[in-house]
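Close look at the chain arrangement
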There are 2 protein chains.
Amino acid sequence: MNLRELSELLNLSQTTVSRALNGYPEVSESTRKRVTEAAAQHNYHPNAGAQSLATGRSMAIGHVMPMSANHEMVNVIFADFIAGASEIYGRSGYRMVVSMVDDKDELQTYRDLAQRRSVDGVMVHGPVRADPRIPLLNSLGLPFVVHGRSTGVEAEYNWLDVNNRRAIEQVTEHLISLGHRRIGFVNGMEHMDFAFRRRDGYLSALKGAGIPVDPALMQSAEMTEPAGHNAACAMLGLSDPATAFVSSSIVVTLGIRRTLEEMNLRIGQDISLASFDDEISALPNGSPEAPIYTAARSSVRAAGRRCAELLLGQIANPTRANVHELWEADLILGSSTRAIARRRAG
Amino acid sequence: MNLRELSELLNLSQTTVSRALNGYPEVSESTRKRVTEAAAQHNYHPNAGAQSLATGRSMAIGHVMPMSANHEMVNVIFADFIAGASEIYGRSGYRMVVSMVDDKDELQTYRDLAQRRSVDGVMVHGPVRADPRIPLLNSLGLPFVVHGRSTGVEAEYNWLDVNNRRAIEQVTEHLISLGHRRIGFVNGMEHMDFAFRRRDGYLSALKGAGIPVDPALMQSAEMTEPAGHNAACAMLGLSDPATAFVSSSIVVTLGIRRTLEEMNLRIGQDISLASFDDEISALPNGSPEAPIYTAARSSVRAAGRRCAELLLGQIANPTRANVHELWEADLILGSSTRAIARRRAG
DNA sequence: GAGTCACCCCAAAGCGCTTTGAATAGGTCA
DNA sequence: TGACCTATTCAAAGCGCTTTGGGGTGACTC
């Protein structure tokens, strides 16, 4: 069933049927009703390719994930983010096209998307420092929103970011206020912009308290369970071991926790544990009343929703000024942090 | 830059340029070279909508996720699955379009996709028992592959499934062989086909060993960390408590583990823990040499790759007979299961 | 009763590509 | 030299939709 057939069926022109379906005013309510009913009855939906050819709009948003990011936690975060974004797209009739590409093909992928007009805009995930995608997309004229920011890019662009620096500064300050001075920092890969900023926050908190920086208490690695385990093993094995940890995600925290168990150390009592918490849906951090981990929390899914709104807004109104949103993370006090205690024997 | 402009630039007809780019034989190698070079230089890529209109193929695969499944673990699994599928799509020039839809709209979404011709095939995720999507897709004539199976659907269709029944039967048998008779089973939602089959496997292992079934040792809930925690609390609080657990995923196992810690029970020593392990990339189950959890393991990402291959094969050759693949999970023996021990005091 | 205005509807062009069927060159052979 | 291939290239139609620029019809005004 295509438009021509439908219009013949109704004894109307294609124009009228098209207008009726697309809500144009110059068609009477009675014919509109007749048309929409017939369309529903015969399950008519306009051909996507034809529509995009005729309108120049594809009604699709591109999400490009570099494969390398895939090995990490980013994968899980990505899932929650697109779940949020999808909600918004769905409401506005947009589809989401996801491509996972080799890093080396990534820029070419954007050029390709732009040239083929297969998407009306793109979402930029996991920005690194001086991210080359941003100037490229600006030059391509393809609307985009960055989830995060990129230090070292002076161009203007739409972004929504969590105040990663402040969030980690805050949890570190919290640990310091509890008396900790040997605080292990288990960070993500620091070429990623968010990890770079978190490092800043950690260092700034130490500096504010006059605590010397010990490189042995800082790790930068993929945000996985084993990475947390390794880091904790190393930092607890020091002659002057860590008494607390700041971790980059709940998954990393699970790895740290495994180390504590192996060493028979009790969370909260013997060692304090604070995290950045992306609110991954499968891994809730306890109940709202009784959070397990002290954390700086910010919902990835909510970010996905908002980024999608910003992007659709930009597409609807291309001359709109760029939007920048900096979200503060919520500080959640859980049972995993306590005033410093002497290490248990054993 | 479109085809017309490119052809004018080269002083060739659109036909010749199109054929040169699409590898048709009736164009000389010298002009083909000239054309491809000019196309690369001007970053020409054919307009997606026009191409799909002209060929009738959209070069896209649809992945529809019902929103309800979203709250669960399924989300994380979904991410790994599509990462695998993407690899295959990318190689063949296919794109992936993802829609997350309200459950009530799901069937309509498939009708819509088929009618609009916005995808050449779809992947069916998270089949439930007697899944209505399967007969619908069959009637729509849209090629599809089911990741899993659907008990109660007698129609023919392509599927790839893990032998969930046998996998859980095996880990349960393993626990029984270690002397456990009070084995808690923390399952996913049993309207999902995979969970239904796993239940079967659990029951069959008990039956084989002549162990009575205790409903208090069986839970069916979403596959989250808190669900594991709750189940473990309940089953360890019984007058005749569980001495071992079979869990439906590593995430659930983490919740069980939390309960054990709270109760000061040591994994492996005081309580045994076995899981189904989907090999989520962010949550590796220890190292290959030293797995933490005893588990039936099967890679979701590999399944994504294979399902994508099956689907593209079906599209390329629509008259091909349906393919059914049943994968056996690998039994991994970790340090979390041991011969039954008396409960520690305390 | 002619002119004016809404209101509703239509024919046809055009989006950028693929593909059919035909035309043009350049060689070969009798 | 002209007929006949073969190897290249081309003009034009068509995919299914939107949208421009009219046109007809009745009601209403003067």
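Here's what I pulled together on the structure shown here. Values in this document were obtained by computation on a predicted structure and should not be read as measured data. Every chain's residues receive numbers from 1 upward, in the order its sequence appears when written. Going through the entries in the order they are written, you letter the chains from A and number the ligands from 1. Local features in this predicted model are restricted to residues of pLDDT 70 or higher, and side-chain atom pairs are both shown and tallied only at a pLDDT of 80 or more, whereas totals for entire chains, interfaces and linings draw on every residue. As a rule here, side-chain values come from all non-hydrogen atoms in the structure, and water together with hydrogens is ignored.

The criterion for a residue being near a molecule or strand is simple. One of its heavy atoms has to lie within 4 Å of it. Near DNA strand D lie 27 residues; those nearest to it are L3, R19 and Y24 of chain A together with S13 and T15 of chain B. In the interface set of DNA strand D, defined as its atoms within 4 Å of the protein, sugar plus phosphate atoms amount to 61%. Counting of polar contacts relies on pairs of N or O atoms within 3.5 Å, with two restrictions inside protein: one atom must be capable of donating a hydrogen and the other of accepting it, and residues adjacent in sequence are counted only when both atoms are side-chain atoms. A distance of 3.0 Å separates a phosphate oxygen of DNA strand D from a polar side-chain atom of Q51 of chain A. Within the residue set of the surface near DNA strand D, elements represented by two or more residues are α2 (14–21) and α4 (48–55) of chain A together with α2 (14–21) and α4 (48–55) of chain B. Residues are grouped as follows: Ala, Val, Leu, Ile, Met, Phe, Trp, Tyr, Cys and Pro are nonpolar; Asp, Glu, Lys and Arg are charged; all remaining types, including Gly, are polar. Split by residue class, the surface near DNA strand D holds 10 nonpolar, 14 polar and 3 charged. A run of H or I in DSSP counts as a helix once it spans at least four residues, and a run of E counts as a strand once it spans at least two, with each numbered from the N terminus.

We now examine unusual backbone geometry. Leaving glycine out, the prevailing phi sign among residues is negative, and the prevailing peptide bond configuration is trans. Residue and element names in this part refer to chain A. Here the phi dihedral of N43 falls at roughly 50°; this positive angle occurs in a residue that is not glycine. Structurally, the position occupied by N43 is in the loop between α3 (29–41) and α4. For every residue, the accessible area obtained with a 1.4 Å probe (protein chains only) is divided by the maximum for its type, and the residue is called buried under 20%, exposed over 50%, and partly exposed between those limits. Accessibility expressed as a relative area gives 17% for N43, which makes it buried.

One turn of an α-helix holds 3.6 residues; hence residues three or four places apart share an orientation. All names here are of chain B. The length a helix should cover is 1.5 Å for every residue beyond the first. Between its first and last C-alpha, helix α3 (residues 29–41) extends 18 Å over 13 residues, near the 18 Å set by a 1.5 Å rise per residue. All of the buried residues in α3 are T31, R32, V35, A38 and A39. In an axial view of α3, the angular spread of the buried residues amounts to 135°, which keeps them on one side of the axis. Residues of α3 that are exposed and point over 90 degrees away from its buried face: E29, S30, K33, A40 and Q41. Buried positions along α3 lie against α1 (3–10) and α2. Just downstream of α3, N43 is the residue with a positive phi angle, here 50°. Arc, as used here, means the arc of the directions from the helix axis to the C-beta atoms. Note on definitions: a residue-residue contact is assigned when non-hydrogen atoms from the two residues lie within 4.5 Å.

As a further point, take the relation of the copies chain A and chain B. Alignment of copies: least-squares fit on C-alpha atoms of residues with pLDDT of at least 70 in both copies. Between chain A and chain B, which share one sequence, the superposing operator has a rotation angle of 180° and an axial displacement of 0.1 Å; the RMSD is 0.1 Å. Put plainly, the chains are arranged around a two-fold axis. An overlap of 100% is found between the interface residues of chain A and their copies at the interface of chain B, pointing to a shared contact surface.

Let us now look at the sheet that holds strand β7 (residues 218–220) of chain B. All names here are of chain B. A pair of strands is labelled paired if DSSP reports no fewer than 2 bridges between them. Pairing within the open sheet is mixed, and its 6 strands lie in the order β7-β6-β8-β9-β10-β12. Two strands lie at the open edges of the sheet, namely β7 and β12 (330–332), each paired on one side alone. The average undirected angle you get between the axes of adjacent strands in this sheet is 15°. In terms of strand pairing, strand β9 (residues 272–277) meets strand β10 (residues 294–297) through 4 bridges, oriented parallel. Residue D277 lies in a different strand from β10, and its bridge partner there is R297. Interaxial angles span 0 to 180 degrees and are taken between N-to-C directions of axes, which are lines fitted to C-alpha atoms, for helices over the stretch in contact. Sheet contacts for helix α9 (residues 193–209): β6 (183–187), β7 and β9; angle to β6, the most-contacted strand, approximately 170°. On top of the sheet, helix α10 (residues 225–236) reaches β6, β7 and β8 (244–247); it is set at about 155° to β6, its chief contact.

Around DNA strand C there are 27 residues in total, and T15 of chain A together with L3, S18, R19 and Y24 of chain B lie nearest to it. Among atoms of DNA strand C positioned within 4 Å of the protein, sugar and phosphate together represent 61%. Residue L3 of chain B places a main-chain N or O atom 2.3 Å away from a phosphate oxygen belonging to DNA strand C. Between DNA strand C and T15 of chain B, the relevant distance is 3.1 Å, taken from a base oxygen to a side-chain nitrogen or oxygen of the residue.

Bringing the interface of chain A and chain B into the picture now. Each partner contributes residues to the interface: chain A has 52 residues there, and chain B has 52 residues. The quantity reported as buried area is the accessible area (1.4 Å probe) lost by two parts once they are put together, taken as the sum for both. Across the chain A/chain B interface, buried area totals approximately 4,400 Å², and carbon plus sulfur atoms make up 56% of it. Considering only the surface of chain A that becomes buried against chain B, H45, Q115 and R116 of chain A emerge as the three largest contributors, covering 14% of it. Salt bridges, as used here, are contacts in which a Lys or Arg side-chain nitrogen is within 4 Å of a carboxyl oxygen on Asp or Glu. Taken together, the connections running from chain A to chain B amount to 2 salt bridges. The shortest N-O distance in the salt bridge between R257 of chain B and E261 of chain A comes to 2.7 Å. The tally of links between chain A and chain B comes to 16 residue pairs in polar contact (both at pLDDT 80 or more). Breaking the side of chain A that touches chain B down by element, the ones donating at least two residues are α4, α5 (74–92), β2 (95–101), α6 (106–116), α10 (225–236) and α11 (250–262) of chain A. With 8 residues, the top contributor of residues to the side of chain A that touches chain B is α5 of chain A. Looking at the side of chain A that touches chain B residue by residue, the classes come out as 24 nonpolar, 15 polar and 13 charged. Alignment of β2 of chain A against strand β2 (residues 95–101) of chain B, held across 3 bridges, turns out to be antiparallel.

Before going further, it helps to spend a moment on helix α8 (residues 164–177) of chain B. Residues and elements named next belong to chain B. With 14 residues, α8 should cover 20 Å at 1.5 Å per step; its first-to-last C-alpha distance of 20 Å lies within 8% of that length. All of the buried residues along α8 are N164, A167, I168, E169, V171, T172, H174, L175 and I176. Looking one or two residues beyond α8, the residue adopting positive phi is G179, at roughly 105°.

Function cannot be read off these values alone, since they describe shape.
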